[in-house]
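Examining the three-dimensional arrangement
Chain by chain, the residues:
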Amino acid sequence: MRTTIGYTVESIGYVIGAQGLIGFVSQTFFGAEWGWLHKVVDLPPVAHLSIVAVGLALVAGGVRTRKAPGRREAV
């Protein structure tokens, strides 16, 4: 069960982090809006970096959940 939850949280983290990164790069370097995050909220570029941080935290939490101590491996 931890493996499933870990992979799910990790996958969501990748999507959120990618959207934050795409939003930051598009606003900072191209002056355009890319991705789907701008359709939901209007954020400044710095806020997009915090979205990237949230995504990275979810990825790290998912990996840690999958590799939690006390988990028995199937042989």
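Everything below is about the structure printed above this text.
All values derive from a computational prediction rather than experimental measurement.

**Notes on the overall build of the protein**
When its secondary structure is counted, the protein shows two helices and zero strands. Computed over the C-alpha atoms, the radius of gyration of the protein is 16 Å, more than 25% above the 11 Å expected from 2.2 N^0.38 for a compact globule of 75 residues. Its C-alpha atoms give the protein principal-axis dimensions of roughly 55 × 15 × 15 Å. With 75 residues in all, the protein has 25% of them scored as buried. Summed over all atoms, the accessible surface of the protein reaches about 5,300 Å², with 69% contributed by carbon and sulfur. Of the charged side chains in the protein, 7 are positive and 4 negative, and the gap between their average positions amounts to 16 Å.

**Considering the environment of Gly13**
Structurally, Gly13 can be placed in helix H1 (residues 2-30). Here Gly13 falls in the buried class, since its relative accessible area comes to 2%. Separated by 48 residues in sequence, Gly13 and Gly61 have C-alpha atoms that sit 9.0 Å apart. For Gly13, the residues in contact, after removing those within four places along its chain, are Gly55, Leu58 and Val59.

**Comments concerning helix H2 (residues 45-66)**
The terminal C-alpha atoms of H2 lie 32 Å apart, and with 22 residues this matches the ideal 32 Å at 1.5 Å per residue to within 8%. Within H2, the full set of buried residues consists of Ala47, His48, Val52, Gly55, Val59, Gly62 and Arg66. Along H2, the residues classed as buried sweep out an arc of 160° about the axis, all on the same side. Turned more than 90 degrees away from the buried face of H2, the exposed residues are Val46, Leu56 and Arg64. Looking at the buried side of H2, the elements it contacts are H1.

What counts and what doesn't
- Residues numbered from 1 in each chain as written.
- Predicted model: local features only at pLDDT ≥ 70, side-chain atom pairs only at ≥ 80, totals over all residues.
- Heavy atoms only, no water.
- Helix = DSSP H or I, 4+ residues; strand = E, 2+ residues; numbered from the N terminus.
- Rg over C-alpha atoms; globule rule 2.2 N^0.38 Å.
- Buried < 20%, exposed > 50% of the residue type's maximum accessible area, 1.4 Å probe, protein only.
- Areas by Shrake-Rupley, 256 points an atom, 1.4 Å probe, with all protein chains shown as cover.
- Lys, Arg positive; Asp, Glu negative; His and termini not counted.
- Charge placed at Lys NZ, Arg CZ, Asp CG, Glu CD.
- Contact = heavy atoms within 4.5 Å.
- Expected span 1.5 Å × (residues − 1).
- Arc of directions from axis to C-beta.

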